[in-house]
Amino acid sequence: MSDSPASAPVRPAAVLDVWCELQCPDCRSALADLRALRERYGDRLELRLRHFPLEKHKHAFAAAQAAEEAVEQGKGWPYVEAVLGRVEELDREGEPFLVAVAREIGLDAEEFDTALIDGRHILIVDADQAEGKAIGVTGTPTYVIDGERLDGGKSQEGLRERIEQIADRLLAEQR
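Residues numbered from 1 in each chain as written. Predicted model: local features only at pLDDT ≥ 70, side-chain atom pairs only at ≥ 80, totals over all residues. Heavy atoms only, no water.

Some remarks on the overall build of the protein chain
Along the protein chain, the regular secondary structure elements total eight helices and four strands. Taken from N to C terminus, the helices and strands of the protein chain fall in the order β-α-β-α-α-α-α-α-α-β-β-α. Taken over C-alpha atoms, the radius of gyration comes to 17 Å for the protein chain, in line with the 16 Å a tight globule of 175 residues would show. Taking the principal axes of its C-alpha atoms as reference, the protein chain extends roughly 50 × 45 × 30 Å. Within the protein chain, residue pairs in contact and separated by at least 24 positions form 70% of the contacts whose partners lie at least 6 positions apart. Element-wise, carbon and sulfur atoms account for 49% of the exposed surface of the protein chain, whose accessible area totals about 9,300 Å². With 22 positive and 35 negative side-chain charges, the protein chain shows a separation of 4 Å between the mean positions of the two kinds. (Helix = DSSP H or I, 4+ residues; strand = E, 2+ residues; numbered from the N terminus. Rg over C-alpha atoms; globule rule 2.2 N^0.38 Å. Contact = heavy atoms within 4.5 Å. Areas by Shrake-Rupley, 256 points an atom, 1.4 Å probe, with all protein chains shown as cover. Lys, Arg positive; Asp, Glu negative; His and termini not counted. Charge placed at Lys NZ, Arg CZ, Asp CG, Glu CD.)

What follows is the structure in structure tokens.
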């Protein structure tokens, strides 16, 4: 196999870890910023969903597992956006709501239900939460880009601009 640049996989120049919880109204508020970042940077900025379910939200851990199943089925962000857009329904309905959203966006709902029962994604969620705690995440949303942690749980004000500054610098350094 050749090591020429033409055959090397393209890696994003910048990675933004988004520590999120799908039952969190503040994370729902952050959706517009995340959409704007994806639109502006496309595949030059990798947005990685990281799970940080909060104990105060009883369906957050199941929702994190459901999001991982959506990733496995190829529709991670569409699923995350669909669930976050309806936080109140998740509050009221719990796991049946998570499966219903999967069905609505064309995912295999039976496999979703099975994944929630067998817990196949628990280790990913646990690992994300442990890493988040280790780096000082205390609430959601929290962003980490180029080692800088930005807490969006208190306010979203100015965070997208700061992320853009860092991303622009990282992308300029890649040239």
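The rest of the description comes next.
Describing the nonpolar core
Residues Leu16, Tyr79, Leu98, Tyr143 and Ile145 are the most contacted members of the largest nonpolar core, which totals 46 residues. The residues contacting Ile145, other than those within four sequence positions of it, are Val15, Leu16, Leu45, Leu150, Ile163, Ile166, Ala167 and Leu170. Judged by nonpolar contacts, the second largest core, of five residues, contains Trp19, Phe52, Leu54 and Val137. (Core = buried A, V, L, I, M, F, W, Y, C linked by side-chain atoms within 4.5 Å. Buried < 20%, exposed > 50% of the residue type's maximum accessible area, 1.4 Å probe, protein only.)

Considering the side chain of Thr140
By the element assignment, Thr140 lies in the loop between α7 (122–134) and β3 (142–145). Leave out the neighbours within four places in its chain, and Thr140 touches Trp19, Cys20, Glu21, Cys24, Asp26, Cys27, Phe52, Leu54 and Gly153.

Considerations on the pairing of strand β4 (residues 148–151)
Here four bridges tie β3 to β4, and the two strands are oriented antiparallel to one another. Along β4, the bridge assignment pairs Tyr143 with Leu150. (Pairing = 2+ DSSP bridges.)

Re the pattern of salt bridges
Evaluated as defined, the whole model comprises 19 salt bridges. Residue Glu164 is joined to Arg160 by a salt bridge in which the shortest nitrogen-to-oxygen separation is 3.6 Å. With Glu164 and Arg160 both in helix α8 (residues 159–174) and four residues apart, the pair spans about one turn of that helix. Judged by its relative accessible area of 14%, Glu164 falls in the buried class. Note on Arg160: relative accessible area 26%, which makes it partly exposed. When salt bridges that share partners are traced, they join Asp17, Arg48, Arg50, Asp128 and Glu131 into one network. (Salt bridge = Lys/Arg side-chain N within 4 Å of Asp/Glu carboxyl O.)

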